[in-house]
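Descriptive structure summary
Each chain, letter by letter, is given below.
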Amino acid sequence: MATWSHILFQDSASPTMEQMIFFHDHTMIILTLITTLVGYMMMNIMYNSFTNRVLLEGQEIETFWTIIPALMLIFIALPSLRLLYLMDEINNPTLTMKTIGHQWYWSYEYSDFTSIEFDSYMIPDQSMNSFSFRLLDVDNRTILPMNTQIRIMITAADVIHAWTIPALGMKIDAIPGRLNQASTMINRPGLFFGQCSEICGANHSFMPIVIESVNTNTFIKWMNSMSQ
């Protein structure tokens, strides 16, 4: 989870988030090169009293400042399009979970199983333990198995919400009357925190999300306990 001194991305917990971090670093390298080159040229113009008679003609320099930015845009656009298609791809899911946004809590349904559904509310300050995270912990965590292809269906019951888990690289709008879907695979165990990222009302800041990633055996035991 992010802390007060954390200014970069959270550690990735899914292949999609890894690819997003790689694309960010790739783009930042290109932007650094552009900024350095433009800054050098501006400083050179400011402190250099000489002029180039050939460049003043405008033919060659116009060709260069058209072709070079176009090539840079291609180097940014191609990885971006690849990542967009990867994020939109729905592989054969092993597990399907439905998420419903309410004012102001989340409901979860495990569609592959019968009668496994629950609500997830934020733990109020007076009920917190010494090891709880204020404004982030919930009474019922969402248990998901790691190394499993998971399909998540998202909708809302009242207003627009957004189901967001930064460590998984997921931010999906929960819209009333519409069913959005996303696919993910959690590649390590742990707790992953998120919050509603849509301004959905007065208590918008108080509907957090907690994903607990466990191994398959633990997930099956949890499912059996929920079914009883």
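Residues numbered from 1 in each chain as written. Predicted model: local features only at pLDDT ≥ 70, side-chain atom pairs only at ≥ 80, totals over all residues. Heavy atoms only, no water.

Structurally, Ser183 can be placed in strand β8 (residues 180–184). In this structure the side chain of Ser183 is engaged in a polar contact, spanning 2.7 Å, whose partner is the side chain of Gln149. Non-local contacts of Ser183, meaning those with residues more than four positions away in its chain, are made with Glu89, Ile90, Asn91, Gln149 and Ile150. (Helix = DSSP H or I, 4+ residues; strand = E, 2+ residues; numbered from the N terminus. Polar contact = N/O pair within 3.5 Å; in protein donor to acceptor, adjacent residues only side chain to side chain. Contact = heavy atoms within 4.5 Å.)

Our focus in this paragraph is the confidence of the model for the protein. Confidence in the prediction for the protein averages 89 pLDDT; 99% of positions are at 70 or higher. Looking across the protein, the model is least confident in helix α2 (residues 59–88), with a mean pLDDT of 88, and most confident in strand β10 (residues 208–214), with 95. (pLDDT = per-residue confidence, 0-100.)

Within this structure, the stated rule accounts for three salt bridges. Residue Arg141 pairs with Glu212 through a salt bridge whose shortest N-O separation is 3.8 Å. Of this pair, Arg141 sits in the loop between β3 (117–120) and β4 (142–145) while Glu212 sits in strand β10, placing them 71 residues apart in sequence. Residue Arg141 is classed as partly exposed on the basis of its relative accessible area, which comes to 28%. (Salt bridge = Lys/Arg side-chain N within 4 Å of Asp/Glu carboxyl O. Buried < 20%, exposed > 50% of the residue type's maximum accessible area, 1.4 Å probe, protein only.)

This next bit is on the UniProt feature "transmembrane region" (unreviewed entry) in the protein. Listed under "transmembrane region" (unreviewed entry) in the UniProt record, and renumbered for this structure, are residues 21–43 and 63–85. Between the C-alpha atoms that bound residues 63–85 the distance is 33 Å, and the span itself is 100% helix and 0% strand. (UniProt positions renumbered as here; feature names shortened; annotations may be inferred.)

Geometrically, the link from Gln103 to Trp104 is a cis peptide bond, its omega value of -5° lying close to zero. Residue position: Trp104 is located in the loop between β1 (95–102) and β2 (105–110). The backbone of Leu135 shows a phi angle near 70°, a positive value even though the residue is not glycine. Relative to the assigned elements, Leu135 resides in the loop between β3 and β4. Look at Leu135 and you get partly exposed, because its relative accessible area is 23%. Phi is positive for Asn147, which is not a glycine, with a value near 55°. Along the chain, Asn147 falls in the loop between β4 and β5 (150–156).

Turning our eyes to something else, we now look at the sheet that holds β1. The strands making up a sheet are joined through hydrogen bonds of the backbone, oriented either antiparallel or parallel. Reading across from one edge, β3-β2-β1-β5-β8 is the order of the five strands in this open sheet, with mixed pairing throughout. A strand with exactly one partner marks an edge of an open sheet, and here the two such strands are β3 and β8. Direction aside, neighbouring strands of the sheet carry axes that sit 25° apart on average. Across four bridges, β2 lies against β3 in antiparallel orientation. Its bridge partner being in β3, Ser107 is matched across the sheet by Asp119. The strands that helix α3 (residues 216–227) touches are β1, β2 and β3; relative to β2, the one it contacts most, it runs at about 100°. (Pairing = 2+ DSSP bridges. Axes fitted to C-alpha atoms, helices over the stretch in contact; angles between N-to-C directions.)

Let's shift gears to a nonpolar patch on the surface. There is a patch of nonpolar side chains on the surface, built from Ile67, Leu71, Ile74, Phe75, Leu78, Leu81, Leu84, Tyr85 and Met87 and spanning about 940 Å² of accessible area. Note on placement: Ile67 falls in helix α2. (Patch = residues over 30% accessible without salt bridge, like charges linked within 9 Å, V, L, I, M, F, W, Y side chains within 5 Å. Areas by Shrake-Rupley, 256 points an atom, 1.4 Å probe, with all protein chains shown as cover.)

Turning to the sheet that holds β10, a few remarks are in order. The three strands lie next to each other as β4-β10-β9, forming an open sheet whose pairing is mixed. Unpaired on one side and paired on the other, β4 and β9 (190–195) mark the two borders of the sheet. Across this sheet, the average inter-strand angle for adjacent strands is 25°, counted without regard to direction. Each of β4 and β10 touches α3; the most contacted strand, β4, lies at about 135° to it.

Here we come to the pairing of β8. Within β8, four of the five residues are buried, which leaves the element mostly enclosed by the surrounding structure. Where β5 meets β8, five bridges bridge the pair, whose relative direction is antiparallel. Each bridged residue has a counterpart across the sheet, and for Ile152 the counterpart in β8 is Ala182.

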